[in-house]
Amino acid sequence: MTPAIRGTIDPAAHLARLRERAPLIHNITNLVAMNPMANVLLALGASPAMAHAREEAAEFAALADALTVNIGTLSPHWVAAMEEAAEAARLTGRPWVLDPVAVGATRYRREAGRRLLEHRPTVIRGNASEILALEQQGSGGRGVDSSDSSDSTETAEQAAISLARRTAAVVAVTGEVDLVTDGRRLARVPGGHALMPRVTTLGCALTGVVAAFLVDTDDPFAATAAALACYGEAGRRAGTTATGPGSFAVAFLDALYALDHDQLAILTALEVTDAP
Amino acid sequence: MTPAIRGTIDPAAHLARLRERAPLIHNITNLVAMNPMANVLLALGASPAMAHAREEAAEFAALADALTVNIGTLSPHWVAAMEEAAEAARLTGRPWVLDPVAVGATRYRREAGRRLLEHRPTVIRGNASEILALEQQGSGGRGVDSSDSSDSTETAEQAAISLARRTAAVVAVTGEVDLVTDGRRLARVPGGHALMPRVTTLGCALTGVVAAFLVDTDDPFAATAAALACYGEAGRRAGTTATGPGSFAVAFLDALYALDHDQLAILTALEVTDAP
Amino acid sequence: MTPAIRGTIDPAAHLARLRERAPLIHNITNLVAMNPMANVLLALGASPAMAHAREEAAEFAALADALTVNIGTLSPHWVAAMEEAAEAARLTGRPWVLDPVAVGATRYRREAGRRLLEHRPTVIRGNASEILALEQQGSGGRGVDSSDSSDSTETAEQAAISLARRTAAVVAVTGEVDLVTDGRRLARVPGGHALMPRVTTLGCALTGVVAAFLVDTDDPFAATAAALACYGEAGRRAGTTATGPGSFAVAFLDALYALDHDQLAILTALEVTDAP
């Protein structure tokens, strides 16, 4: 049975809000992602700031419009700063997004993931393996870039819904399956391109884009779905000219920059259904 | 009243000196800028080296021809290494450049900026907000990429001249206004392109270029103005083919590499006036 | 006297094995190289993972198929994690590659190089200055990107053979001279392009490629030579369209991605001779 459509989301309206606001996004992210993430945010129209010292992380989080925390290249001082920044964001009412990179791979990551969840992220964005690991806190995925092919779409969807209900966060699963849920509603997001997983940290950079879309909205579920739709459309456009991952990365930044209302308007509106 | 012209600067002669020398530039810079900074220096004809451990920072600074220090992503061990490297550069007579990224944003940055100034940088390069914050040690700019639009050109110029006089450093303000002063002389530098602020850390990378131009010259004021002029001309050229920030970044490195005497000769010579 | 040919190596067969396996490569590398190294590995068909905390470095090394350790931007916690990861790789029979960046430049690097050698790398890859410094543990090279022009090809070759015999590692020297030896056999590898040294950390990224070729083979000497041959061929192809280091870096990733059996088949087979 096909679930009934409960509404639609207009990505173009969300992008217009982002560009009008040009929000400052504070990112405590991994060392591989820092540069691409900053470039993606600048290309789209947001302003990135990276700062990870405990001496200023909380102060920085309160200056910014939103925060992202990514556990890709952890170390103890960074984890402490992540926790303090996340708590500062929570206490001052700013949205923050958790990116649980390879959370199932080591004991250290599972522990970091568990502690960060206690600071109540607004959104959790990961691939299917990561969302499964975070939900199960059991055995995790292998590697950091690929989703386990044995994770069926259905399993990932169930884990995302369950995690969203348990944490009261919006959960976004990206990769072979792209979906967003707040535990009650569900949206599948089209777009993207086969070369995207061949460019490092495009997923991490998307976490920053989600944060930028969360600023000045009361509906993080819709904003997250809109962010994924814009990102996917830019990827689709970049893929039309790229001849490999090098040229794809360049074309993708140009496509994010060029993304406009007319390009997004031709997308089928994102349909929202009830979460099963 | 238009100030009288006191002389001119020939960027091409400075670039020729840099390429003849291929100086080794030691950079303790932020985690976002490391890669683009190294690529910018290599494209132009200098040799970059990054090393930040206290165990070797001073030794490295004394091996290199010049040093840069950038406070974009601080932490305590890095600040200590910055101070030791800056002191080593000062004691061995090597030029060093301070890049006070977002120095006004947090207490930690203000303190780091204050301490680094005590080691007497040869040049300070920042955007208008950062130069204002460093001079005022008062309320700083918001964000790290954009200059406060309320900072008029005149205010930034006055702050730069005042900071130069107080610290005996050459001060370069880049962004909407591009000027260089040693407190006595002033040069405005044309060039650049609207896409430059859409590519992350091009300002940070410029700090490395300034350091490379400082090697083997007795006039850091002229060398800094020449560095900005070459950078701006490469930006202008890159802008003629770019279709967004992705292709701009690629074209910019190619333009730095291709920059030659004939291209620079067609520039109007940089005019130097008395600082008001 | 021309040494007698002892056999040949087929790079295409090694590349086919890599793509079939898509190995997970754990890299503790420098902060400049992280992003390009990840992109190079993804473009070629391997899966990169970066993790440097002592809390998980050994656990991560045992999850991955191979490890690389690069001392470009050292600090004490990183060195400790490098040692633990290298020991974990050795104990679990996984190949690991040492990249001794600027090992001769400071006392701290010489010490780190000496300690890492004790964990018995499978392969050591460096430029001529670095291999000389590691062998001599004497005066090192200046800078990190250029090989000392006074290091003749013959001197580098002798140092590589001597280092290979002393450490039982395969030694690869890249730069003006490209050769691989296990102390008994020697292969010279053609290819590459004059723009490669103008793009930062392409040498560091090659270290990851070597590690990826080492997975599932009993002949690390042949696998290393094959890795260098594939890298050189991609560089040669990228050079046919690039107009500077920016466009070269983009074309190089596309070329690694497109590299296939037919392209490699036209290469002269790599000839192996006895080491003198």
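All values reported here derive from a predicted model rather than from experimental measurement. (Residues numbered from 1 in each chain as written. Chains lettered and ligands numbered in written order. Predicted model: local features only at pLDDT ≥ 70, side-chain atom pairs only at ≥ 80, totals over all residues. Heavy atoms only, no water.)

### Here's the deal with the overall build of chain A
Check the secondary structure of chain A and you find eleven helices and ten strands. Against the 2.2 N^0.38 benchmark of 19 Å for 276 residues, chain A shows a C-alpha radius of gyration of 17 Å, consistent with a compact globule. Taken along the three principal axes of its C-alpha coordinates, chain A extends 45 × 40 × 35 Å. Taking all 276 residues of chain A together, 65% fall into the buried category. Accessible surface, chain A as shown: approximately 9,700 Å² in total, 49% of it carbon and sulfur. (Helix = DSSP H or I, 4+ residues; strand = E, 2+ residues; numbered from the N terminus. Rg over C-alpha atoms; globule rule 2.2 N^0.38 Å. Buried < 20%, exposed > 50% of the residue type's maximum accessible area, 1.4 Å probe, protein only. Areas by Shrake-Rupley, 256 points an atom, 1.4 Å probe, with all protein chains shown as cover.)

### Notes on the packing of helix α2 (residues 34-44) of chain C against helix α8 (residues 202-214) of chain C
Residues and elements named next belong to chain C. In the contact formed by α2 and α8, the axes pass within 8 Å of each other and the chain directions differ by 40 degrees. Here α2 lies oblique to α8, going by the angle between them. Considering how the two elements wind past one another, α2 and α8 form a crossing that is right-handed. Along the contact surface, α2 presents P36, M37, V40, L41 and L44, while α8 presents C204, A205, T207, G208, V209, A212 and F213. The residue inventory of the contact of α2 with α8, partitioned by class, reads ten nonpolar, two polar and no charged. (Axes fitted to C-alpha atoms, helices over the stretch in contact; angles between N-to-C directions. Parallel < 35°, antiparallel > 145°, perpendicular 65-115°, else oblique. Left-handed = near helix turned anticlockwise from the far one by under 90°. Contact = heavy atoms within 4.5 Å. Nonpolar A, V, L, I, M, F, W, Y, C, P; charged D, E, K, R; others polar.)

### Let's talk about the sheet that holds strand β6 (residues 123-126) of chain A
Residues and elements named next belong to chain A. A sheet is described by the order of its strands in space; here ten strands give the open sequence β1-β10-β9-β8-β7-β6-β5-β4-β2-β3, paired in mixed fashion. The open sheet has two edge strands with one neighbour each: β1 (5-9) and β3 (47-50). Here the strands of the sheet are splayed against their neighbours by 20 degrees on average, with no regard to which way each runs. When strand β2 (residues 24-28) meets β3, the two strands line up parallel, connected through four bridges. Its bridge partner lying in β3, I25 is registered against P48. (Pairing = 2+ DSSP bridges.)

### As for the confidence of the model for chain A
Residues and elements named next belong to chain A. When pLDDT is averaged along chain A, the result is 92, and 93% of the positions lie at 70 or above. Within the model, pLDDT remains below 50 along residues 138-150, and this stretch shows 30 contacts once partners closer than five positions in the same chain are excluded. Here the predicted complex scores 0.95 on pTM and 0.93 on ipTM. (pLDDT = per-residue confidence, 0-100.)

### Remarks on the relation of the copies chain A and chain B
The second copy of the chain is related to the first by a rotation about an axis and a shift along the axis. Overlaying chain A on chain B yields an RMSD of 0.0 Å, the required transformation being a rotation through 120 degrees with an accompanying axial translation of 0.0 Å. Between the two chains, the operation in question is that of a three-fold axis. Nearest to the rotation axis, the C-alpha of A:L31 is located 4.1 Å from it, this being the minimum over chain A. Of the interface residues in chain A, just 7% have counterparts in chain B that sit at the interface too, so the contact is made through distinct surfaces. (Least-squares fit on C-alpha atoms with pLDDT ≥ 70 in both.)

### So, the packing of aromatic side chains
Residues and elements named next belong to chain B. Counted according to the given criterion, the structure contains six aromatic pairs over all chains. Relative to F252, the ring of Y231 lies with its centre 4.9 Å away and its plane at 90 degrees, an arrangement referred to as edge-to-face. Taken as a pair, Y231 in helix α9 (residues 220-239) and F252 in helix α10 (residues 245-258) lie far apart in primary sequence, 21 residues in all. In terms of burial, Y231 and F252 fall into one category: buried. (Phe/Tyr/Trp six-rings, centres within 6.5 Å; stacked < 30°, edge-to-face > 60°.)

### As for helix α6 (residues 128-136) of chain A
Residues and elements named next belong to chain A. Taking burial as the measure, the nine residues of α6 include eight buried ones, the bulk of the element. Against the buried residues of α6 lie β5 (96-99), α5 (107-117), β6, α7 (153-167) and β7 (170-173). For α6, the capping residue at the N-terminal end is N127, with a side-chain oxygen 3.1 Å from the backbone nitrogen of S129. Just downstream of α6, Q137 is the residue with a positive phi angle, here 40 degrees. (Polar contact = N/O pair within 3.5 Å; in protein donor to acceptor, adjacent residues only side chain to side chain.)

### Structural notes on the pairing of β3(A)
Of the two faces of β3(A), the one holding A:S47 and A:A49 and the one holding A:P48 and A:M50 are both buried throughout. Traced from β2(A) through helix α2 (residues 34-44) of chain A to β3(A), the parallel crossover comes out right-handed. (Right-handed = clockwise from strand over helix to strand, strands pointing away.)

### Regarding the sheet that holds strand β4 (residues 66-70) of chain C
Residue and element names in this part refer to chain C. The strand order across the open sheet formed by ten strands is β1-β10-β9-β8-β7-β6-β5-β4-β2-β3, and the pairing between neighbours is mixed. The two strands at the open ends of the sheet, each matched to only one other strand, are β1 (5-9) and β3 (47-50). Ignoring strand direction, the axes of neighbouring strands in this sheet form an average angle of 20 degrees. Judged from the three bridges that link them, strand β7 (residues 170-173) and strand β8 (residues 179-181) form a sheet pairing that is antiparallel. Looking at the pairing, A172 lines up with V180 of β8.

### Re the interface of chain A and chain C
Counting from both sides, the interface comprises 30 residues of chain A and, opposite them, 29 residues of chain C. A buried area of about 2,300 Å², summed over both sides, lies between chain A and chain C, and 60% of it is on carbon and sulfur atoms. For the interface between chain A and chain C, the tally reads one salt bridge. We note a salt bridge from A:R109 to C:E56, for which the minimum N-O separation is 2.7 Å. Joining chain A to chain C, the criterion identifies ten residue pairs in polar contact (both at pLDDT 80 or more). Secondary structure elements with two or more residues in the side of chain A that touches chain C: α5 and α10 (245-258) of chain A. (Buried area = accessible area lost by both parts, 1.4 Å probe. Salt bridge = Lys/Arg side-chain N within 4 Å of Asp/Glu carboxyl O.)

### Structural notes on the side chain of A:T224
Residue and element names in this part refer to chain A. Structurally, T224 is set in helix α9 (residues 220-239). Given the relative accessible area of 0%, T224 is considered buried. In this structure, T224 is in contact with V123, V170, A172, V180, V210 and L214, ignoring residues within four places of it in sequence.

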